[in-house]
Amino acid sequence: MTRKVTIFGATGSIGCNTVDLIQRNQDAFDVVALSGGRNVAKLAEQAKALNAQIAVTAYDACLEPLREALHGTGIEAAAGETALCEMATRPSDWIMSAIVGAAGLPPGLKALEQGTTLALANKESLVTAGSLLKETAAKSGATILPVDSEHSAVFQGLVGEDMAAVERVIITASGGAFRDWPIEKLASATLAEASSHPNWDMGQRITIDSATMFNKALELIETHEFFGISPEKIEVIIHPESLIHALVGFRDGALMAHVGPHDMRHAIGYALNWPERAHLPVERLDFAEIAQLTFRAPHEMRYPALAQARWVMEEGGLAGAVFNAAKERALDGFIEGRIGFTDMASVVADVIEIMSGEGLGLAAIALDTVRDADHAARARADEAMTRRQR
Ligand code: NDP
């Protein structure tokens, strides 16, 4: 029997890996809808190759080129946030949420309202509105599966286990592009240097977020939200080889480690085939060749984002939305050349300082309150960047 699948963010790094797995076993899937952003040529190519019903671009300005590229194929074209949310309501058995950033929240939420299975790569949705996502899934009977490699690893380590027996969870980090740089040199890091990851081949934004460890900060919060594990039980360790993705520690002292190659098709494939395991086209590790695995503690001055994530978990409520929005805006500023590499964490710290007195932890989490907090934090981040530019 074929399974109906939909992919949000199909043209990105996670999206292309998902498309690759589906193409290798195309008879097993019926592709309902694909979304992309500005890469209209790729979106149209994927929609044709997978014979999708509809292709949706996030941007109105990209609709005409998308229509032209799909002309004569019978594949529908649409654009904008409303179209993205409508796409989520088309009956699908499995939906991949792989839009980057806070823009992934509304379609992800809409998908969960349908009671479908949502493979969640878009960690920003859990960080900004974790309780809303979980409540929506509980109400509709939807299932959320992790796609981040660390969270897929924890998920797999917990199969058949009693959560009450979990003592600790350790998520690993590569340490990013500058893990071996002297801390004093970080301020001068360029965009090109920050956009190159030592181990993983990922989108530009998440690669830079690995260098600052904002990505790991989001993952700390994601671990807390996804598994309901209290913050003090979650640890981060730098593991430069990036082969162990996470470890789950139990009350008898046992640690279950998930080991695998740097290939997102493992975690995506696990979610795509869950609850079964299917053959996946990923490298098989040779431990004699690897010879050694190394670990070191993350230095808090090199990675201030980790302490900021601990503040978010302590504060709760809308703190995640504020943190994520400030981080996204600071990242835009670095990509646009407005601020330097280390200014990103300083801008986020400024926004946290300004907004931490605003009762964020007590606020109700709904789509509109998350949006308001997001907009306010972006405006504050812009002000902080302007101050730093002077
Ligand atoms: P990419 O930047 O490679 O791709 C992002 C996708 O989202 C593209 O399809 C892009 O379209 C689309 N997009 C961009 N902006 C918008 C918007 N405003 N509205 C709607 N769609 C938009 O990102 P990644 O694939 O690297 O990451 C996707 C998500 O998965 C992120 O949340 C990331 O944190 C998470 N993740 C990624 C991993 C990785 O290995 N890459 C690992 C684990 C998690 P277009 O390119 O056409 O403009």
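The coordinates are above.
If you're wondering where the values come from, they're calculated on a predicted model, not measured in any experiment. (Residues numbered from 1 in each chain as written. Predicted model: local features only at pLDDT ≥ 70, side-chain atom pairs only at ≥ 80, totals over all residues. Heavy atoms only, no water.)

(A) Expanded view of the overall build of the protein chain. Per the secondary structure count, the protein chain includes 16 helices and 11 strands. In summary, the protein chain has a C-alpha radius of gyration of 20 Å against a globular reference of 21 Å for 390 residues, a match within 12%. Seen through its C-alpha atoms, the protein chain measures out along the principal axes to roughly 55 × 50 × 40 Å. In the protein chain, the share of contacts with a sequence separation of at least 24, taken over all contacts with a separation of at least 6, comes to 68%. Working note: accessible area of the protein chain is about 16,500 Å², and carbon and sulfur atoms make up 50% of it. Each charge class in the protein chain was averaged separately, 34 positive and 51 negative side chains, and the resulting centres sit 2 Å apart. (Helix = DSSP H or I, 4+ residues; strand = E, 2+ residues; numbered from the N terminus. Rg over C-alpha atoms; globule rule 2.2 N^0.38 Å. Contact = heavy atoms within 4.5 Å. Areas by Shrake-Rupley, 256 points an atom, 1.4 Å probe, with all protein chains shown as cover. Lys, Arg positive; Asp, Glu negative; His and termini not counted. Charge placed at Lys NZ, Arg CZ, Asp CG, Glu CD.)

(B) Just the environment of Asn 39, in detail. The residue Asn 39 is located in the loop between β2 (29-36) and α2 (40-50) in this model. Here the side chain of Asn 39 touches Lys 42 through a polar contact of 3.2 Å, landing on its backbone nitrogen. (Polar contact = N/O pair within 3.5 Å; in protein donor to acceptor, adjacent residues only side chain to side chain.)

(C) Molecular detail of the nonpolar core. Leu 34, Met 96, Phe 323, Phe 341 and Met 344 are the most contacted members of the largest nonpolar core, which has 130 residues in total. Sort the elements by how many residues they give to this core and helix α14 (residues 319-335) lands first, with nine residues. Sequence-distant contacts of Leu 34, defined by excluding residues within four places in its chain, comprise Ile 7, Ala 10, Leu 43, Gln 46, Ala 47, Leu 50, Ala 52, Ile 54, Ala 55, Val 56 and Met 87. (Core = buried A, V, L, I, M, F, W, Y, C linked by side-chain atoms within 4.5 Å. Buried < 20%, exposed > 50% of the residue type's maximum accessible area, 1.4 Å probe, protein only.)

(D) Local environment of the packing of aromatic side chains. Under the criterion given, the structure shown has eight aromatic pairs. Taking 6.4 Å as the distance between ring centres and 85° as the angle between the ring planes, the aromatic pair formed by Phe 155 and Phe 226 counts as edge-to-face. Note that Phe 155 is positioned in helix α7 (residues 149-157) and Phe 226 in helix α10 (residues 214-227), a separation of 71 residues in sequence. An identical accessibility class is assigned to Phe 155 and Phe 226; each is buried. Ring geometry for Phe 334 and Phe 341: centres 5.8 Å apart, planes at 70°, overall edge-to-face. Exposure remark for Phe 334: the relative accessible area of 5% places this residue in the buried category. (Phe/Tyr/Trp six-rings, centres within 6.5 Å; stacked < 30°, edge-to-face > 60°.)

(E) Broad picture of the environment of Arg 251. As for its placement among the helices and strands, Arg 251 is situated in the loop between β10 (244-250) and β11 (255-259). When residues no more than four places from it in sequence are discounted, the contact partners of Arg 251 are Ala 164, Ala 165 and Glu 167.

(F) Representation of the layout of surface pockets in the model. Space inside the second largest pocket adds up to approximately 210 Å³. Taken together, 16 residues line the second largest pocket, and the ones lying closest to its centre are His 266, Arg 277, Ala 278, Leu 280 and Val 282. Breaking the lining of the second largest pocket down by element, the ones donating at least two residues are β11 and α11 (265-273). It is α11 that contributes the most residues to the lining of the second largest pocket, four residues altogether. Along the lines of polarity and charge, the residues of the lining of the second largest pocket split into six nonpolar, seven polar and three charged. (1 Å grid on protein atoms, 1.4 Å probe; cavity = no way out; pocket = protein on both sides within 12 Å on 5 of 7 lines; lining within 4 Å. Points joined across faces, edges and corners; volume = space filled by probe spheres on them. Nonpolar A, V, L, I, M, F, W, Y, C, P; charged D, E, K, R; others polar.)

(G) Region of the structure containing the site of the ligand. Taken together, 25 residues lie near the ligand, and Thr 11, Gly 37, Arg 38, Glu 124 and Asp 148 sit nearest. Between an oxygen atom of the ligand and a main-chain N or O atom of Gly 9, the distance comes to 3.3 Å. Here an oxygen atom of the ligand and a backbone polar atom of Gly 37 are 2.8 Å apart. Coverage of the ligand by the protein chains reaches 86% of its 900 Å² of free accessible surface. Contributions of two or more residues to the shell around the ligand are made by α1 (13-24) and α6 (123-140). Looking at the shell around the ligand residue by residue, the class counts come to 12 nonpolar, nine polar and four charged. (Near = heavy atom within 4 Å.)

(H) Local environment of the pairing of strand β7 (residues 143-146). Pairing of strand β6 (residues 117-120) with β7 involves four bridges; the strand directions are parallel. Within the sheet, the bridge partner assigned to Leu 120 lies in β7 and is Pro 146. Taking the sense of rotation as the criterion, the β-α-β connection linking β6, α6 and β7 turns out right-handed. (Pairing = 2+ DSSP bridges. Right-handed = clockwise from strand over helix to strand, strands pointing away.)

(I) Quick look at the packing of α1 against α2. Packing of α1 against α2 leaves a shortest axis separation of 11 Å and a crossing angle of 20°. One finds that α1 runs roughly parallel with respect to α2. Every pair of crossing elements has a handedness; the one defined by α1 and α2 is left-handed. From α1, Cys 16, Val 19, Ile 22 and Gln 23 reach across to α2, where they touch Lys 42, Gln 46, Ala 49 and Leu 50. Residue classes in the contact of α1 with α2 are distributed as five nonpolar, two polar and one charged. (Axes fitted to C-alpha atoms, helices over the stretch in contact; angles between N-to-C directions. Parallel < 35°, antiparallel > 145°, perpendicular 65-115°, else oblique. Left-handed = near helix turned anticlockwise from the far one by under 90°.)

(J) Spotlight on empty space enclosed by the protein. A full pass over the atoms with the stated rule returns one cavity of 30 Å³ or more. Its boundaries defined by the atoms lining it, the largest cavity holds a volume of some 70 Å³. Taken together, Ser 149, Ser 152, Trp 200, His 245, His 258, Gly 260, Pro 261, Asp 263, Met 264, His 266 and Ala 267 form the lining of the largest cavity. Broken down by secondary-structure element, the contributors of at least two residues to the lining of the largest cavity are α7 and α11. Tallied by class, the residues present in the lining of the largest cavity amount to four nonpolar, six polar and one charged.

(K) Structural context of the packing of α6 against α10. Two elements in contact, α6 and α10, have axes whose closest approach is 8 Å; the angle formed by their N-to-C orientations is 15°. By the angle between their axes, α6 is roughly parallel relative to α10. As α6 packs across α10, the resulting crossing turns out to be left-handed. Packed against α6, whose contacting residues are Lys 123, Glu 124, Leu 126, Val 127, Gly 130, Ser 131 and Lys 134, the element α10 presents Asn 215, Leu 218, Glu 219, Ile 221, Glu 222, Glu 225 and Phe 226 at the interface. For the contact of α6 with α10, the residue count by class is five nonpolar, three polar and six charged.

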